[in-house]
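These are the residues of each chain, in order.
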Amino acid sequence: MKIALVAPPLLPVPPVRYGGVERIVGVLADGLLARGHDVTLFAPGDSRFAGRLIATVPEGVWNGGFQPDPANHFRRTVDLALTNAADFDVIHSHLDHNGFELAERSPVPVLSTLHGRTDKDPLAGAIRAHSSVPLVAISNSQRSFVPEGNWVATIHHGLDFSSVQLGPGGGGYLAFVGRLSPDKGVDATVELARRAGLTLRVAAKVLDPGERSVYDTVVAPAVAEGVVEFLGELGEADRDKLMGEALATVMLSRWPEPFGLVAIESMATGTPLIASRSGALPEIVGEGIDGFVVDDAVAGAAVVPQLANLDRARIRARTLDRFAAARMLDDYEQVYRQMVAHSDP
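Within each chain, residues carry numbers counting from 1 in the order of the written sequence. The predicted origin of the model limits local features to residues at a pLDDT of at least 70 and limits the giving and counting of side-chain atom pairs to 80 or more, whereas totals for whole chains, interfaces and linings rest on all residues. Hydrogens are left out, water is left out, and the side-chain values use all remaining heavy atoms of the structure.

A closer look at the sheet that holds strand E11 (residues 248-251)
Link 1 in the chain: Any two strands are treated as partners once DSSP identifies two or more bridges connecting them. Note on conventions: DSSP H or I runs of at least 4 residues are helices, E runs of at least 2 residues are strands, and numbering of each starts at the N terminus. Pairing is parallel across the open sheet formed by six strands, whose spatial order is E10-E9-E8-E11-E12-E13. Strands at the two margins of the open sheet, each flanked by one partner only, are strand E10 (228-230) and strand E13 (291-294). In this sheet, adjacent strand axes meet at a mean angle of 25° when their direction is disregarded.
Link 2 in the chain: Taken together, the seven bridges between strand E8 (residues 173-179) and strand E9 (residues 199-205) define a ladder with parallel strand orientation. Opposite valine 177, over in E9, you have alanine 203 as the bridge partner.
Link 3 in the chain: Note on contacts: a residue pair is in contact if any heavy atoms of the two residues lie within 4.5 Å. Note on geometry: axes are C-alpha line fits, over the in-contact stretch for helices, and angles between N-to-C directions span 0 to 180 degrees. Those strands touched by helix H8 (residues 236-244) are E8, E9 and E11, and its axis lies near 145° from that of E8.
Link 4 in the chain: Sheet strands touched by helix H9 (residues 261-268): E8, E11 and strand E12 (273-276). Its angle to E11, the strand with the most contacts, is close to 170°.

Listed below in C-alpha cells is the structure:
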C-alpha cells in the first residue's frame, strides 16, 4: 500500500528524548517500510526516516522549549497532507482533532489515531462534531468517554523491545519517568516513596510553566528532604537502565491516561508497576502479575512489600507478547486494508 503517516509538527520523529506520539509514529513508519509498503512521513524536517519525508516545519517546534500556540504549524501540516493526498491509498493522521479537517476533505481514506484525553474538550467536543471521521482508540478507556464516535478499532501501542534487557531490579529505589505535569500525580508519588521509606528517582522533562511549577513546589523540596533524586530527562538507554534496576515504576496519574508508554517500557525490563486506577492503566497492568493497581499513595506504599513476590521474567515475557511492535503493525495493516477496500468503487 501507499501509506502516508502524518505526525504533529512539535517534535522530530522519532523524538530525541520525550515524545510519546512521535515514538509511536516512528515505530509505524519504520515497521511499515520494512514490510514493503510505500511510506511517506509528514513530520518536522529534523526527523529521521529511511523512506520519503515531507517536512512540515524545518525542525520540531518544541525543540527549544514549550510554545503555547502551534496552531499555524498544524494548519500547514494539514495543508501539505491535503495537497499530496491523491498520491496515497490511505492516510494515517496522528494530529488528534487538528486532523479532522484532513479526514473530511481528503479524496482518499484517512484514519485518525487519537492520542489525547477524550474526557473533556477540545477533543471530546470535536469527536462529537465530526462524527463520521474514522477513529482508532489507543485504549478502551479512551473511547469510553465518547462512545458515539466512529471508532473502527482499539489498538494498544507497541514498541520495539529488541534492545531492552531484563533488568535486575536490585537498585532498592522507586522510579518515576515522564512529565512533571500536575495530572501525573507527582506529589502522590513522592508521598508514596516517603511512606515506603524508599528513594524516588525522577527522570522527567521540565519545559512548560505547569511542569516548572510542579518541580518548584513538589520535586525541589523533596530533593532537599532526601526523598527524591532528580535526574532530568534521560535518553532511551539510560531510561531503560533506570527502570530495569528499580523495585517498581510508579504511575499515580490523576487523569484518565489514554495509554501510558512508560508502563510497557518498565514492564519490558521486568520491572512492575504501581499504577493508579484510572484511564488505560488497569488494561495494561495485570493485577498481582505485572504490578498493582491502587487508589492512592497510602495503598501504593502498602503494596511495596509484595513487589518481591512478582516474577520479573514473567512480566517481561507478557509485555513482549502483548505490546510488541509487530502486533501493533498487524493491527493497523488490517484496518488500512479494510478502509482501502471500502473506498474502492
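There is more to say, and it comes next.
Focus on the environment of alanine 71
Link 1 in the chain: One can find alanine 71 in helix H2 (residues 71-84).
Link 2 in the chain: In the structure, alanine 71 is positioned 62 residues away from proline 9 in sequence and 9.7 Å away in space, judged by C-alpha atoms.

So, the pairing of strand E1 (residues 2-6)
Link 1 in the chain: Burial analysis of E1 places four of its five residues in the buried class, the great majority of the element.
Link 2 in the chain: Sheet analysis places E1 next to strand E2 (residues 38-43), joined by five bridges and oriented parallel. When the bridges of E2 are listed, lysine 2 appears paired with aspartate 38.
Link 3 in the chain: The handedness of the E1 to E2 crossover, carried by helix H1 (residues 20-34), is right-handed. Only protein chains enter the accessibility calculation, which uses a 1.4 Å probe. A residue is then buried if its area is under 20% of the maximum for its type, exposed if over 50%, and partly exposed in between. Here a crossover is taken to be right-handed if, once the strands point away from the viewer, the path from the first strand over the helix to the second is traced clockwise.

Some thoughts on the packing of aromatic side chains
Link 1 in the chain: Two rings from Phe, Tyr or Trp (for Trp, the six-membered ring) form a pair when their centres are within 6.5 Å of each other. A pair whose planes differ by under 30 degrees is stacked, one over 60 is edge-to-face, and the rest are tilted. A complete count under the given rule lists four aromatic pairs for this structure.
Link 2 in the chain: Residue placement shows arginine 201 over the ring face of tyrosine 173; its charged tip is 4.1 Å from the ring centre. Consider the ring centre and the ring normal. A charge sits over the ring if Lys NZ or Arg CZ is within 6 Å of that centre and within 35 degrees of that normal.

Overview of the pattern of salt bridges
Link 1 in the chain: By definition here, a salt bridge exists when the distance from a side-chain nitrogen of Lys or Arg to a carboxyl oxygen of Asp or Glu is within 4 Å. Applying the stated criterion across every chain, the model contains 23 salt bridges.
Link 2 in the chain: A salt bridge links arginine 105 to glutamate 101; its shortest N-O distance comes to 2.7 Å. Residue arginine 105 and its partner glutamate 101 are both found in helix H3 (residues 100-105); the two are separated by four residues, about one turn of the helix.

Quick look at the packing of helix H6 (residues 186-196) against helix H7 (residues 209-225)
Link 1 in the chain: At a closest axis distance of 10 Å, the pairing of H6 and H7 adopts a crossing angle of 15°. Considering their axes alone, H6 and H7 lie roughly parallel with respect to each other. With respect to the hand of their crossing, H6 and H7 are arranged in left-handed fashion. Residues Val186, Asp187, Val190 and Arg194 of H6 form the contact with H7, whose own contacting residues are Val214, Val218, Val219, Ala222 and Glu225.
Link 2 in the chain: Residue composition of the contact of H6 with H7, grouped by class: six nonpolar, no polar and three charged. In what follows, roughly perpendicular refers to angles from 65 to 115 degrees, roughly parallel to angles under 35, roughly antiparallel to angles over 145, and oblique to any angle outside these ranges. In this scheme, a crossing is called left-handed if the near helix is turned counterclockwise away from the far one by less than a right angle; it is called right-handed if the turn is clockwise. Under the grouping applied here, Gly and all other residues not named as nonpolar or charged are polar, the nonpolar ones being Ala, Val, Leu, Ile, Met, Phe, Trp, Tyr, Cys and Pro and the charged ones Asp, Glu, Lys and Arg.

Geometric values such as these leave the question of function open.
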